[in-house]
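# Structural characterization, general
These are the residues of each chain, in order.
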Amino acid sequence: MVVEIFKTNVQKETETNYIIAVIKRQFPSYKINFDLEDCDKILRVEGLELQCDNIIYYVNRLGYTCIRLD
């Protein structure tokens, strides 16, 4: 399993649920969660052969910032 961490500007729990649903539609095997308590509003994605560019694309298309953290 690979885990990738992304910095976002998501603020509300309701927004996280929608973003997770959109990503899960494309990548049903990924485990996805947010940590809105963190100053970087962390999006954490776990799975095999993660497609980071696609994750960033989907989150950006929904109107949110999404930057992969090293």
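Scroll up for the structure.
First, a word on scope: everything that follows refers to the structure included in this document. (Residues numbered from 1 in each chain as written. Predicted model: local features only at pLDDT ≥ 70, side-chain atom pairs only at ≥ 80, totals over all residues. Heavy atoms only, no water.)

## Some points on the overall build of the chain
Stated precisely, the cut-off is as follows: Numbering of helices and strands runs from the N terminus; a helix is a DSSP stretch of H or I covering at least four residues, while a strand is a stretch of E covering at least two. Two things to know: the radius of gyration comes from C-alpha atoms, and the globule rule equals 2.2 Å times the number of residues to the power 0.38. The buried label goes to any residue with under 20% of its type's maximum accessible area, the exposed label to any with over 50%, and the partly exposed label to all in between, with areas taken from a 1.4 Å probe on protein chains only. Between two residues, a contact is recorded if the distance between any of their heavy atoms is within 4.5 Å. Surface accessibility follows the Shrake-Rupley procedure with a 1.4 Å probe radius. Residue values consider only the protein chains on display as shielding. When charges are counted, neither His nor the chain ends are considered; positive counts come from Lys and Arg and negative counts from Asp and Glu. In this description, the location of a charge corresponds to atom NZ of lysine, CZ of arginine, CG of aspartate or CD of glutamate.
In terms of regular secondary structure, the chain is built from 2 helices and 4 strands. The secondary structure elements of the chain, listed N-terminal to C-terminal, are β-α-β-β-α-β. Taken over the C-alpha trace, the chain has a radius of gyration of 11 Å; the compact-globule value for 70 residues is 11 Å, and the two agree within 12%. Counting only C-alpha atoms, the chain reaches 25 × 25 × 15 Å along its principal axes. Each of the 70 residues in the chain was classed as buried or not, and the buried ones make up 37%. In the chain, of all internal contacts separated by at least 6 residues, the share reaching a separation of at least 24 is 61%. Roughly 4,500 Å² of accessible area belongs to the chain as shown, and the carbon and sulfur atoms make up 46% of that amount. Positive and negative side-chain charges of the chain, numbering 9 and 11 respectively, have mean locations separated by a distance of 6 Å.

## Observations regarding unusual backbone geometry
Phi at K41 is positive, roughly 45°, even though this residue is not glycine. With respect to the helices and strands, K41 occurs in the loop between β2 (31-35) and β3 (42-47). K41 gets classed as buried once you look at its relative accessible area, which sits at 18%. We note that E49 has phi near 50°; this positive angle belongs to a residue other than glycine. Mapped onto the fold, E49 is located in the loop between β3 and α2 (52-61).

## Here's the deal with the pairing of β2
Formally: Strand pairing is assigned whenever DSSP detects at least two bridges linking the two strands.
Only one face of β2 is covered, namely the face carrying I32 and F34; the face carrying K31, N33 and D35 is uncovered. Of the pairings in the sheet, the one linking β2 to β3 comprises 5 bridges and is antiparallel in character. In the strand pairing of β3, F34 is matched with L43. In sequence, β2 turns back onto β3 through a hairpin of 6 residues, with K41 there showing a positive phi of about 45°.

## Side note on the pattern of salt bridges
Note the following rule: Each reported salt bridge corresponds to a side-chain nitrogen of Lys or Arg within 4 Å of a carboxyl oxygen of Asp or Glu.
For the coordinates displayed, the defined rule picks out 2 salt bridges. The residue E4 makes a salt bridge to R68 at a minimum N-O spacing of 2.8 Å. With E4 in strand β1 (residues 2-8) and R68 in strand β4 (residues 66-69), the pair connects residues that are 64 residues apart, well separated along the chain. Since its relative accessible area comes to 12%, E4 is described here as buried. Accessibility expressed as a relative area gives 42% for R68, which makes it partly exposed. For the salt bridge of D40 with K7, the shortest nitrogen-to-oxygen distance reads 3.8 Å. Of this pair, D40 sits in the loop between β2 and β3 while K7 sits in strand β1, placing them 33 residues apart in sequence. According to the relative accessible area criterion, K7 is partly exposed, its value standing at 35%.

Take it as geometry only, folks, not as evidence of what the structure does.
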